[in-house]
Amino acid sequence: MTRLANKISLVIGGVGGIGGAVSQRFASEGAQVYATSRKGAESQPDLTGMGSIHAIQADASNNADLQRVFEQIRLEQGRIDVLVVNAGLSEYAPLDEISEDHFDRTFGLNVRSLVFAVQGVIDIMQPGGTIVLIGSIASDIGTRGYGVYGATKAAVRSFTRTWANELAPKGIRVNVVSPGPTDTAMMARTSQEVRDALSSMIPLGRMGRPDEVAAAALFLASDESSFTTGAEIAVDGGMAQV
Ligand SMILES: NC(=O)c1ccc[n+]([C@@H]2O[C@H](COP(=O)([O-])OP(=O)(O)OC[C@H]3O[C@@H](n4cnc5c(N)ncnc54)[C@H](OP(=O)(O)O)[C@@H]3O)[C@@H](O)[C@H]2O)c1
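Draft legend 1. The arrangement of the pattern of salt bridges in detail. Enumeration over the complete set of coordinates arrives at 13 salt bridges. Salt bridges here are not isolated pairs; linked through shared partners, they connect Arg-3, Arg-25, Glu-29 and Glu-224.

Structural data, given as structure tokens:
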């Protein structure tokens, strides 16, 4: 399959979990993929074994790291065709336990770094470029204990609408994929009790797989979605839809 043939893609948080699945799927569709993470290739040596995935160590929360990544791709490729912003964190904190540190770290990665990633890519993205943000259905359903996380993802949904409008004249599309509970390391950090409770709330009766989220990201990144911008695709087994 070559739906992303010769496309230069940057997946921020693209080495493990959902981002790793996105990087693999994009590479299998013909893209050259730059995948960032704090640990770089070290966490997933199999990933970089695929010749078209280049793992880069970079902390998305650190703007200097982000600028270094853009500069490397500018020098090596001269452009970015597809940006996926996937790095995000989710921690349990009901209202009475929200600390300033929890708030700043969650907004710092899930919102602040996302804003500067999108801002930074604009001058190396040409007409036809696509931006795919990874949100969450947590922005819609008010999960107890995840208020700050849900608010960050609501911000991502909102930015998607604004940037779709602002970047349309440049020929750049912006969309968001909002997963429901998905079987990754992030989910593994919750208790079995939480995971069972979540699964029981999903009409399709199970958690999603990272490759199922990657399939939606591929659609939005490719020309198959050429008339879609500002939109959200939920990949949640129906959890927030019915
Ligand atoms: N899993 C779910 O149920 C679920 C549901 C809805 C939405 N989401 C969203 O989907 C996205 C990915 O979640 P996931 O479950 O795949 O998470 P994950 O298993 O924790 O993987 C996150 C990936 O991002 C990288 N990363 C984390 N912090 C980073 C940073 N500061 N800079 C650069 N890379 C960073 C991690 O690598 P390093 O550790 O090496 O940095 C890892 O490769 C997040 O935005 C999350 O909010 C997940």
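Draft legend 2. Examining a nonpolar patch on the surface more closely. Together, Leu-95, Ile-98 and Phe-103 line one region of the surface with nonpolar side chains, adding up to about 300 Å² of accessible area. Tracing the backbone shows Phe-103 in helix H4 (residues 100-121).

Draft legend 3. A look at the packing of aromatic side chains. All told, the structure shown has 3 aromatic pairs when counted by the stated rule. Where Phe-159 meets Trp-163, the ring centres are 4.6 Å apart and the plane angle is 15°; that geometry is what we call stacked. Within this pair, Phe-159 and its partner Trp-163 are both found in helix H6 (residues 147-167), separated by 4 residues, close to a single helical turn. A relative accessible area of 26% means that Phe-159 is categorised as partly exposed. Relative accessible area serves as the criterion here: at 10%, Trp-163 is assigned to the buried category.

Draft legend 4. Representation of the sheet that holds strand E7 (residues 232-235). Pairing is parallel in the open sheet, where 7 strands are placed in the order E3-E2-E1-E4-E5-E6-E7. Two strands close off the open sheet at either side, each with one partner strand: strand E3 (53-57) and E7. Taking each pair of neighbouring strands and ignoring which way they run, the sheet shows an average axis angle of 20°. Sheet strands in contact with H4 are strand E1 (8-12), strand E4 (82-85) and strand E5 (130-134), and its direction is about 175° off that of E4.

Draft legend 5. Seen up close, the nonpolar core. Residues Leu-10, Ile-80, Leu-83, Val-121, Ile-131, Leu-133 and Trp-163 are the most contacted members of the largest nonpolar core, which totals 35 residues. Among the elements of the structure, E1, helix H3 (63-77), E4, H4, E5, H6 and strand E6 (173-179) are those that each provide at least two residues to this core. Sorting elements by how many residues they give to this core places H4 first, with 7 residues. Those residues in contact with Val-121, other than ones at most four positions away along the chain, are Phe-70, Ile-80, Leu-83 and Ile-131. Among the nonpolar cores identified, the runner-up in size contains 24 residues, and Ile-18, Ala-27, Val-177 and Ala-216 belong to it.

Draft legend 6. Structural detail: the packing of H3 against H4. Packing of H3 against H4 brings their axes to within 10 Å, and their N-to-C directions diverge by 30°. Here H4 runs roughly parallel to H3, going by the angle between their axes. Regarding H3 and H4, the two cross each other, and that crossing is right-handed. Across from Asn-63, Leu-66 and Phe-70 in H3, the residues of H4 making contact are Ser-113, Phe-116, Ala-117, Gly-120 and Val-121.

Draft legend 7. Expanded view of H4. The end-to-end C-alpha distance of H4, which contains 22 residues, comes to 30 Å, matching closely the 32 Å that a straight helix rising 1.5 Å per residue would cover. The axis of H4 is deflected most strongly, by about 45°, at Gly-108.

Cut-offs applied
- Residues numbered from 1 in each chain as written.
- Predicted model: local features only at pLDDT ≥ 70, side-chain atom pairs only at ≥ 80, totals over all residues.
- Heavy atoms only, no water.
- Salt bridge = Lys/Arg side-chain N within 4 Å of Asp/Glu carboxyl O.
- Patch = residues over 30% accessible without salt bridge, like charges linked within 9 Å, V, L, I, M, F, W, Y side chains within 5 Å.
- Areas by Shrake-Rupley, 256 points an atom, 1.4 Å probe, with all protein chains shown as cover.
- Helix = DSSP H or I, 4+ residues; strand = E, 2+ residues; numbered from the N terminus.
- Phe/Tyr/Trp six-rings, centres within 6.5 Å; stacked < 30°, edge-to-face > 60°.
- Buried < 20%, exposed > 50% of the residue type's maximum accessible area, 1.4 Å probe, protein only.
- Pairing = 2+ DSSP bridges.
- Axes fitted to C-alpha atoms, helices over the stretch in contact; angles between N-to-C directions.
- Contact = heavy atoms within 4.5 Å.
- Core = buried A, V, L, I, M, F, W, Y, C linked by side-chain atoms within 4.5 Å.
- Parallel < 35°, antiparallel > 145°, perpendicular 65-115°, else oblique.
- Left-handed = near helix turned anticlockwise from the far one by under 90°.
- Expected span 1.5 Å × (residues − 1).
- Bend = angle between axes of the 7 residues up to and from the residue.

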